[in-house]
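Each chain, letter by letter, is given below.
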Amino acid sequence: MVTDSTDPVVSGAVNLRDVGGLPAGAAVTRHGVLFRSGNLAQLDERGTAALGGLGLRRIIDLRADDEVAHAPSRIDGLDVFTQRVPLFLGSVESFFADDISLEEMYRRLVDDSSAGVVEVVRGIVTDQPVLVHCTVGKDRTGVTVALTLAAAGVEPDAVVADYARTEGLLPEWRNRRIVGFLRSMHPQAVHLEDLATKSPAPVMRALLDDVTARFGSPAEYLRAHGLGDDEIAELRRVLLREP
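Below: a short report on this structure. (Residues numbered from 1 in each chain as written. Predicted model: local features only at pLDDT ≥ 70, side-chain atom pairs only at ≥ 80, totals over all residues. Heavy atoms only, no water.)

## Quick word on the packing of helix 4 (residues 102-112) against helix 10 (residues 201-215)
Angle between the axes and distance between the axes: these two values describe a pair of packed helices.
Here comes step 1: In the contact formed by helix 4 and helix 10, the axes pass within 10 Å of each other and the chain directions differ by 40 degrees. Judged by the inter-axis angle, helix 4 sits oblique to helix 10. For the pair helix 4 and helix 10, the crossing hand works out as right-handed. Across the interface between the two elements, L102, E103, Y106, R107, V110 and D111 of helix 4 pack against V203, L207, D210, V211 and R214 of helix 10. (Axes fitted to C-alpha atoms, helices over the stretch in contact; angles between N-to-C directions. Helix = DSSP H or I, 4+ residues; strand = E, 2+ residues; numbered from the N terminus. Parallel < 35°, antiparallel > 145°, perpendicular 65-115°, else oblique. Left-handed = near helix turned anticlockwise from the far one by under 90°. Contact = heavy atoms within 4.5 Å.)

## Some words on unusual backbone geometry
Here comes step 1: That bond from Q128 to P129 is cis: its omega, -5 degrees, falls within 30 degrees of zero.
Here comes step 2: Mapped onto the secondary structure, P129 falls in the loop between helix 5 (114-126) and strand 7 (130-133).
Here comes step 3: Of note, N15 is a non-glycine position whose phi angle comes to about 60 degrees, a positive value.
Here comes step 4: Following the sequence through the fold, N15 ends up in the segment before strand 1 (17-18).
Here comes step 5: Overall, N15 belongs to the buried group, its relative accessible area being 5%. (Buried < 20%, exposed > 50% of the residue type's maximum accessible area, 1.4 Å probe, protein only.)

What follows is the structure, given as structure tokens:
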């Protein structure tokens, strides 16, 4: 598991990190403004206290109702607003049953959940510090945060690299357990390990290229689905600073 010395240490959190320090032309993303992670269901007391120490004002949970019921966040006692924005139109299980590729999953997210993506970006603009999370922090979080960063002006290589970090942050024991469980149900699935454990840089690069080809840019994608110019300007203001 590859971590960075600037990643917050939150005991029990999955794949939690600050997206600060990413290059955006002459600017960089601010530290302590936008965090991303997987679920918060395994936090212990120290972890909950450490999460509280980040000063979060908003948590944006991208999971479906059944995922939340199965693994509720352990954030009792924290003065933070939780915004629910379920992003998948189908169940998580359906992706494994249909054996779709990561590329297809991401394309569906962009096309079928555009209203939700815009809602997440609005939440990020409204309150900071803000944490965006799903179950693993890889796909729903990965796509949404990537589009957010790209729309703010973060350089594509840095957006892709941030997404690709997830694969190295997932514990090996977790990967073995989940792949074994899923393989018992879907023994012939071709894309199972990619869906469960991988965050390949070429997949995110292809998604950003596709969004740019179809809409002009990630910012134009958000505009096309209802985000205002003033909101995009505010997104850039809150996320970026001059170095």
